[in-house]
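In case you want the letters, here they are:
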Amino acid sequence: MITPVILCGGSGTRLWPLSRKSYPKQFVPLVGENTLFQASALRLCDEGFAPPLVLTNSDFRFIVAEQLTEIGIDPGAILIEPEGRNTAPAVLAAALWLEKSDPDGLMLVAPSDHVVPDIEAFRAATLAGAEAARAGQLVTFGIKPTHPETGYGYLELAEDPQDFSAQPLALRRFVEKPDAARAEEMVQAGMYLWNAGIFLFSVKSILAAFRAHAPDLIAPVQAAVDQGKPDLGFLRLAPDPWAKAADISIDYAVMEKADNLSVVPFAAGWSDLGGWDAVWREGNPDARGVVTSDHATALDCDNTLLRSEDGALEMVGIGLQNIIAIAMPDAVLVADMSRAQDVKLAVAALKEKHALQATNFPKDHRPWGWFESLVIGDRFQVKRIVVHPGGALSLQSHHHRSEHWIVVEGTAKVSVNEDVKLVTENQSVYIPLGAVHRMENPGKVPMVLIEVQTGSYLGEDDIIRYEDVYARD
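Remember, it's a predicted structure, so these values are computed and weren't measured experimentally.

Q: Explanation requested: the UniProt feature "domain: Nucleotidyl transferase" (unreviewed entry) in the chain in the structure shown.
A: In the UniProt entry, the feature "domain: Nucleotidyl transferase" (unreviewed entry) is given for residues 4–282. Measuring from the first to the last C-alpha atom of residues 4–282 gives 25 Å, for a span that is 35% helix and 21% strand.

What follows is the structure in structure tokens.
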């Protein structure tokens, strides 16, 4: 049995403004109907695969569970990292967790934000590497290059890949991200693959590799797993020992030092969507190299990507060449296609000026649903709030604001102090300042309401929480 281990904690700043720290690219349907995370889970859902083990952070734990449920996948364990420590501690934590239940099993480590159109070819490549992994090899997967790329590390093969068919080959070494000239040389040589950051090995083999090459990681990560606390179906790794683990990738910690390495070539299409130029390539450009979303129109444009992520916002490009233009309700990106990797610089610049758009997604996702701000004034704010069927906000009160709730779809069960009542469409309720209140959706369809807040302070931290079915602090 192969257990997929899905790493799901990145922020994807190079795909800003659609991908942000509060809601990164893996949870967004960038290519196709499913999100990248959902596509990754479905890719690894087949006979011979166990339920996925997911490593993520506290902010994303309910999003992970919700998105897996939407596609009919019952997750295995979901381990919550107290803070990001790179891939080596994450993979080690997964191996130590699996050692308890399946010490002889295989684990397939994969990022949650890659695009692999040919699912069957990827599964076949995984099975092609399984025998080597069972024999004790640490198997990595390398992508046949389609162009000189400076944004990836490379894998140098120790034997001729022939037709790049999926079979374990000897790996000579890992190569750092090259400059453009060196990338061109490596592609022409035909002995190099892109490093996909996907690995397959047995639990026993990777634990032995950590003990041999990164022994300092063992104690803190083992303690973080052993002292982890269950939390509504999740496992929170213990924060104190976890903080003592080195912040290091599995490539540096283990793979570049090991001598039992194999690589399986993969030539059936792959992208890590590491920039808007990659999204453009995956979008099937037309004869003039133009890709547009549903609410975008290109007139006399060439080699251009136009995306509007808001159904109420129509984007039109005229006479553009080599341009990326992405429109969100609260931010717009316009960049030359050749500067796609510099989008992260825009995020840094926005952080410098303390702009919320640098990190905060327009929709704020919660375990019960989501909300978005429609209008913000000095002493008032208007929000749209959507509550999933069966969802419930915490029992809470506020020091600085009162609220009016108007239900526009569905039915809300509202508690205000001792008063509990149902509020249906076109009905409203007033929440006085300081009142202890809660909102629930007792129905079978999403409930939507408009909330009008008034007061001297309207921040999300003005919440005194008394009870919460999601066990949030």
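Now that the structure has been shown, we can carry on.
Q: Where do I start with the nonpolar core in this structure?
A: Soluble globular proteins tend to pack their nonpolar side chains together in the buried interior. Counting 91 residues, the largest nonpolar core has L30, L108, L200 and W276 as the members making the most contacts within it. With sequence-adjacent residues up to four places away left out, W276 is seen in contact with R14, L15, W16, L18, L30, L305, R307, I324, I326, L333, A340 and V343. The next biggest cluster of nonpolar side chains, apart from the first, holds 49 residues, and it includes L169, V221, A224 and A258.

Q: Quick question: what am I supposed to make of the environment of D118 here?
A: As for its placement among the helices and strands, D118 is situated in the loop between β4 (106–111) and α4 (119–134). Of the residues examined, D118 reaches a relative accessible area of 34% and is grouped as partly exposed. The spacing of D118 and G269 is 151 residues in sequence and 7.0 Å in space, taken between C-alpha atoms. If we ignore the near neighbours within four places in the chain, the residues touching D118 are F266 and A268. Within the structure, D118 has its side chain in polar contact with the backbone nitrogen of E120 (distance 3.4 Å).

Q: How should the sheet that holds strand β14 (residues 304–308) be read in this particular structure?
A: Strand pairing in a sheet takes place through backbone hydrogen bonds and is either antiparallel or parallel in direction. Read from one edge of the open sheet, four strands run β12-β14-β16-β17, paired in mixed fashion. Each edge of the sheet is formed by a strand with only one pairing partner; in this case those strands are β12 (290–292) and β17 (332–336). Looking at each pair of strands side by side, their axes are set apart by 5° on average, direction ignored. Where β14 lies against strand β16 (residues 323–327), four bridges are found, and the strand directions are parallel. Residue pairing in the sheet places R307 in a bridge with I326 of β16.

Criteria and thresholds
Residues numbered from 1 in each chain as written. Predicted model: local features only at pLDDT ≥ 70, side-chain atom pairs only at ≥ 80, totals over all residues. Heavy atoms only, no water. UniProt positions renumbered as here; feature names shortened; annotations may be inferred. Helix = DSSP H or I, 4+ residues; strand = E, 2+ residues; numbered from the N terminus. Core = buried A, V, L, I, M, F, W, Y, C linked by side-chain atoms within 4.5 Å. Buried < 20%, exposed > 50% of the residue type's maximum accessible area, 1.4 Å probe, protein only. Contact = heavy atoms within 4.5 Å. Polar contact = N/O pair within 3.5 Å; in protein donor to acceptor, adjacent residues only side chain to side chain. Pairing = 2+ DSSP bridges. Axes fitted to C-alpha atoms, helices over the stretch in contact; angles between N-to-C directions.

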